[in-house]
Amino acid sequence: MLLSLQQGNLPVAILALADGTIFVGNAVGATGSTTGEVVFNTSLTGYQEILTDPSYCQQIVTLTYPHIGNYGINDEDVESSKAYAAGLVIKNLPLLASNFRQTQTLQDYLVKQNIVAIANVDTRKLTRHLREHGAQNGCIVALAAGQVVTDELVQEAVQQAKAAPNMSGLDLAKVVTTQKTYEWTQTTWTLGEGYGEQTAPRMHVVAYDFGVKHNILRILAQKGCRVTVVPAQTPFADVLALQPDGVFFSNGPGDPEPCAYAVDAARAAIDSGIPTFGICLGHQIMALALGAKTFKMKFGHHGANHPVKDHDSGRVSITSQNHGFAVDEKSLPATVRITHTSLFDGTVQGLAHTEKPALCFQGHPEASPGPQDIAYLFDQFVALMRRKVASN
């Protein structure tokens with residue numbers, strides 16, 4: 001049974017876009033209001049991972065799949081210590097959730113995490129609007145029980161949407177990063193066993209945390225790495241003192257261009273000759289460090305069904321994506337080659353340095369729950385480190 005069939009029992013909620021477009025639905029999360037950039041995600045599953053991905057900081061996520069919440073929430077499938085999405089927009093929320101791993105319902109989780117969410121929205125219409133006009137700021141107002149929608153509330157929501165900060169020029173990496181250095185040893189999840197532990201690492205990776213997803217760290221540990229996670233603004237000299245075999249630049253939210261501290265660290269890492277790997281925001285930061293430019297996309301890539309071509313093998317992989325900025329192909333220097341390209345719009349998806357052991361990828365090769373077609377990039381990074389260690 002769908003929650004939308006009993007929407008009369010739920011408080012009313014408003015979704016207002018900065019251009020004045022209004023959607024009225026029902027509140028299924030915390031009471032109150034929230035603002036952020038409204039984007040759409042085409043994934044069929046993975047709403048828990050999406051909500052806890054720090055890359056969605058200050059973004060209101062619209063999920064295009066019509067039924068969200070039917071397998072509930074569990075304590076293991078999180079990508080960070082809390083939910084980072086600014087808000088959630090969905091079509092239908094099932095009354096019942098069925099999964100042997102479930103520990104709570106999506107609605108309970110939204111309330112406990114203080115996420116403002118709206119259901120019973122025509123997400124197809126909203127998605128078409130965002131595709132035509134581009135991602136834009138919005139505001140969700142979740143009313144208390146008994147409150148009704150008034151013109152004053154609608155206009156206030158529109159004004160809040162207009163007043164929200166623009167994602168362009170926004171440095172959010174330093175907002176979501178860890179405050180202190182820590183070691184990560186947890187490995188990937190196995191049915192019946194849960195997460196493992198890395199006890200005999202063969203290489204040492206220092207990971208810059210710009211909003212890193214846990215599954216990235218788990219895969220690095222699974223591949224035999226001792227992982228040290230450092231805050232976003234850590235000087236590269238401090239990283240070098242840790243004697244890493246490889247340096248990793250993580251995913252994260254916001255515009256890469258204001259992150260001058262990260263660009264400087266990436267440039268120093270690449271110049272040092274230490275194997276370097278970047279994902280998502282880390283990919284964009286590495287590109288900036290190499291002399292390229294980035295730009296704001298119209299509505300970005302958010303979903304788990306994006307085809308990407310590997311130029312080296314000719315293979316096409318289905319990938320998970322979450323980014324609103326991309327690398328400008330025309331600005332790439334001669335020392336950088338394109339390794340992967342999006343088959344949706346032709347944008348740059350992967351890069352490699354022609355002289356240094358450095359590679360980066362725009363999508364998410366560690367994607368949980370998936371797809372994992374492009375996970376071989378971790379093996380390439382490990383191979384670079386092994387060659388570097390063997391040559392010393």
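Refer to the structure presented above.
This text gives an overview of the structure that appears in the document. Since the model is a prediction, treat every value here as computed from it, not as a measurement.

1. A few points about the pattern of salt bridges
Then, number 1: Scanning all chains against the criterion turns up nine salt bridges.
Then, number 2: In this structure, Arg101 engages Glu76 in a salt bridge whose closest nitrogen and oxygen atoms are separated by 3.0 Å. Taken as a pair, Arg101 in the loop between β5 (87-89) and α2 (106-112) and Glu76 in the loop between β4 (59-63) and β5 lie far apart in primary sequence, 25 residues in all.
Then, number 3: Here Arg101 falls in the buried class, since its relative accessible area comes to 18%.
Then, number 4: Glu76 gets classed as partly exposed once you look at its relative accessible area, which sits at 29%.
Then, number 5: Between Asp77 and Arg101 there is a salt bridge, and its shortest N-O distance comes to 3.0 Å. Taken together, the residues span a long stretch of sequence, with Asp77 in the loop between β4 and β5 and Arg101 in the loop between β5 and α2 at a distance of 24 residues. Residues Asp77 and Arg101 agree in their burial class; the two are buried.
Then, number 6: Because the salt bridges share partners, they merge into one network encompassing Glu76, Asp77 and Arg101.

2. Points about the packing of helix α8 (residues 260-272) against helix α9 (residues 281-289)
Then, number 1: The contact between α8 and α9 brings their axes to 8 Å, and the two run at 70°. Judged by the angle between their axes, α8 and α9 are roughly perpendicular. On α9, the residues that touch Ala262, Val263, Ala266, Arg267 and Ile270 of α8 are Ile285, Met286, Leu288 and Ala289.

3. Things to note about a nonpolar patch on the surface
Then, number 1: Nonpolar side chains collect at one region of the surface, where Ile22, Val24 and Val149 lie side by side and expose about 200 Å² of accessible area between them.
Then, number 2: Of note, Val149 is situated in the loop between β7 (136-142) and α4 (151-163).
Then, number 3: Residue Val149 is classed as partly exposed on the basis of its relative accessible area of 34%.

4. Quick word on α9
One turn of an α-helix holds 3.6 residues; hence residues three or four places apart share an orientation.
Then, number 1: Buried residues dominate α9, accounting for nine of its nine residues.
Then, number 2: By the burial criterion, the buried members of α9 are Leu281, Gly282, His283, Gln284, Ile285, Met286, Ala287, Leu288 and Ala289.
Then, number 3: With its phi angle positive at about 105°, Gly291 sits one or two positions after the end of α9.

About the thresholds
- Residues numbered from 1 in each chain as written.
- Predicted model: local features only at pLDDT ≥ 70, side-chain atom pairs only at ≥ 80, totals over all residues.
- Heavy atoms only, no water.
- Salt bridge = Lys/Arg side-chain N within 4 Å of Asp/Glu carboxyl O.
- Helix = DSSP H or I, 4+ residues; strand = E, 2+ residues; numbered from the N terminus.
- Buried < 20%, exposed > 50% of the residue type's maximum accessible area, 1.4 Å probe, protein only.
- Axes fitted to C-alpha atoms, helices over the stretch in contact; angles between N-to-C directions.
- Parallel < 35°, antiparallel > 145°, perpendicular 65-115°, else oblique.
- Contact = heavy atoms within 4.5 Å.
- Patch = residues over 30% accessible without salt bridge, like charges linked within 9 Å, V, L, I, M, F, W, Y side chains within 5 Å.
- Areas by Shrake-Rupley, 256 points an atom, 1.4 Å probe, with all protein chains shown as cover.

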